[in-house]
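# Observations on the model geometry
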Amino acid sequence: MITIHHLNNSRSQRVLWLLEELEVPYEVKRYERLASMQAPPALKAVHPLGKSPILTEGELTLAETGAIVTYILETHGAGRLVPERGTTAYWDYQHFLHYAEGSAMPPLVMKLIFSRLPTEAPFFAKPILKGTVQAVNQRLLDPQISGHLDHWERALGRSGWFAGEHFSAADIMMSFPVEAAASRVRFGQRANLPAFLARIHARPAYKAALERGGPYAYA
Ligand SMILES: N[C@@H](CCC(=O)N[C@@H](CS)C(=O)NCC(=O)O)C(=O)O
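Okay, so let's go over this structure. (Residues numbered from 1 in each chain as written. Predicted model: local features only at pLDDT ≥ 70, side-chain atom pairs only at ≥ 80, totals over all residues. Heavy atoms only, no water.)

The next thing to look at is the overall build of the protein chain. For the protein chain, the count of helices and strands is eight helices and four strands. N-terminal to C-terminal, the α/β element order of the protein chain is β-α-β-α-β-β-α-α-α-α-α-α. Taken over the C-alpha trace, the protein chain has a radius of gyration of 18 Å; the compact-globule value for 219 residues is 17 Å, and the two agree within 12%. For the protein chain, the spread of C-alpha atoms along the principal axes amounts to about 60 × 45 × 30 Å. Put simply, the protein chain has 219 residues, and 48% of those count as buried. Restricting the contact set of the protein chain to residue pairs at least 6 apart, pairs at least 24 apart contribute 67%. For the protein chain, the computed accessible surface area is about 11,200 Å², with 57% contributed by carbon and sulfur atoms. (Helix = DSSP H or I, 4+ residues; strand = E, 2+ residues; numbered from the N terminus. Rg over C-alpha atoms; globule rule 2.2 N^0.38 Å. Buried < 20%, exposed > 50% of the residue type's maximum accessible area, 1.4 Å probe, protein only. Contact = heavy atoms within 4.5 Å. Areas by Shrake-Rupley, 256 points an atom, 1.4 Å probe, with all protein chains shown as cover.)

The structure is reproduced here in structure tokens:
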């Protein structure tokens, strides 16, 4: 039986959603974030990185969402939610599978961390930090994030999904960057992005995963 070590309100929600889409039975072991938003030390006892998600099944302990998604699809997927090998859709799928965590999330995480700095600083440092954060956002992060949003908007413009004509695990991987972006930046004229979110949030498996995973700020 697959066990997902799930941190509340986290990327791990995607793995629960994938398992619900595939109707694969699984157990959820829940962990609550500390006040600092970090994972509790108990997760380090499961995997040295101490981050969520972590999958355990038999002898296997696996961290990193993309690797976990690939493992689940290869061992329990029976070909579902992956475009046909060798097609353009398949390579778009591979792109988004790796790109979601490798390229899309880093500037979004940086923006979140920077936005918290002034609020957590002593009062005399707040104005300086506010100015620094504004400069980093304007010069570095916002233009980068905007480029990512344009990439997603264009990709979704083809069929409404990230890889090929049909819903795939690439859409599950990309849900977290799109949801994270929705909470941090404006989509502006990019109508395909909110439409994508509305479509995935309406899926019964997405809703079922929320029931297993607990409150999720982006839903
Ligand atoms: N790229 C990794 C990121 C893992 C990660 O940072 N997970 C977050 C949850 S959203 C976490 O465990 N944060 C708590 C911490 O860093 O202590 C993946 O996709 O699995």
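There's plenty left to go through after this.
Moving on to the pattern of salt bridges. Side chains that differ in sign of charge can pair as their charged atoms come close. In this structure the tally under the stated criterion is six salt bridges. The residue Asp150 makes a salt bridge to Arg190 at a minimum N-O spacing of 2.9 Å. With Asp150 in helix 5 (residues 126-159) and Arg190 in the loop between helix 6 (169-184) and helix 7 (192-201), this pair connects stretches of sequence that are 40 residues apart. Its relative accessible area of 14% is what places Arg190 among the buried residues. Among the charged side chains, a salt-bridge network with shared partners connects Arg11, Arg14 and Glu101. (Salt bridge = Lys/Arg side-chain N within 4 Å of Asp/Glu carboxyl O.)

This part covers the site of the ligand. Surveying the vicinity of the ligand reveals 13 residues, the closest of which are Ala39, Lys51, Ser52, Glu64 and Thr65. At 2.5 Å, a side-chain N or O of Lys51 approaches an oxygen atom of the ligand. Contact distances for the ligand include 2.5 Å between a nitrogen atom and a side-chain N or O atom of Glu64. Isolated, the ligand exposes 510 Å² of accessible area, and the fraction of that covered by the protein chains is 83%. (Near = heavy atom within 4 Å. Polar contact = N/O pair within 3.5 Å; in protein donor to acceptor, adjacent residues only side chain to side chain.)

The gaps left among the atoms become clear once a water-sized probe is rolled over them. Considering only enclosed or pocket space, the largest pocket measures out at about 1,000 Å³ in volume. Along its surface, the largest pocket is lined by 33 residues, and Leu7, Arg11, Arg33, Met37 and Lys51 are the ones closest to its centre. Every element with two or more residues in the lining of the largest pocket is listed here: helix 2 (42-46), helix 4 (88-120) and helix 6. The greatest single-element share of the lining of the largest pocket, amounting to eight residues, is contributed by helix 4. In terms of domain composition, the lining of the largest pocket takes at least three residues from each of domain 1 (2-81 + 207-213) and domain 2 (88-203). Roughly 210 Å³ of volume is contained in the second largest pocket. What lines the second largest pocket is simply Thr70, Leu73, Glu74, Gly79, Arg80, Val82, Pro83, Arg85, Tyr90, Tyr93, Gln94 and Leu97. (1 Å grid on protein atoms, 1.4 Å probe; cavity = no way out; pocket = protein on both sides within 12 Å on 5 of 7 lines; lining within 4 Å. Points joined across faces, edges and corners; volume = space filled by probe spheres on them. Domains from an automatic or database assignment.)

We now examine empty space enclosed by the protein. In total, this model carries one cavity of 30 Å³ or more according to the counting rule given. Computed from the structure, the largest cavity encloses a volume of approximately 30 Å³. Gln13, Arg14, Trp17, Ser175, Glu179, Tyr206 and Tyr216 are the residues that line the largest cavity. Mapped by element, the contributors of at least two residues to the lining of the largest cavity are helix 1 (13-22) and helix 6.

Quick look at the environment of Ser10 now. Among the secondary structure elements, Ser10 is positioned in the loop between strand 1 (2-7) and helix 1. Looking at Ser10, the relative accessible area reads 3%, which means it is buried. When the C-alpha positions of Ser10 and Gln38 are compared, they lie 11 Å apart, and in sequence the two are 28 residues distant. Filtering out sequence-adjacent residues up to four positions away, Ser10 remains in contact with Arg33, Ser52, Phe176 and Tyr216. Within the local environment of Ser10, its side chain forms a polar contact with the backbone oxygen of Leu7, the two atoms lying 2.7 Å apart.

So, about helix 6. Spanning 16 residues, helix 6 covers 24 Å between terminal C-alpha atoms, matching the ideal 22 Å at 1.5 Å per step. Along helix 6, the largest kink reaches about 35 degrees and is centred on Ser175; proline Pro177 follows within four residues of it. Among the 16 residues in helix 6, 14 count as buried, and that is most of the element. One side-chain oxygen of the residue at the start of helix 6 lies 3.1 Å from the amide nitrogen of Ala170, identifying that residue as Ser168. (Expected span 1.5 Å × (residues − 1). Bend = angle between axes of the 7 residues up to and from the residue.)

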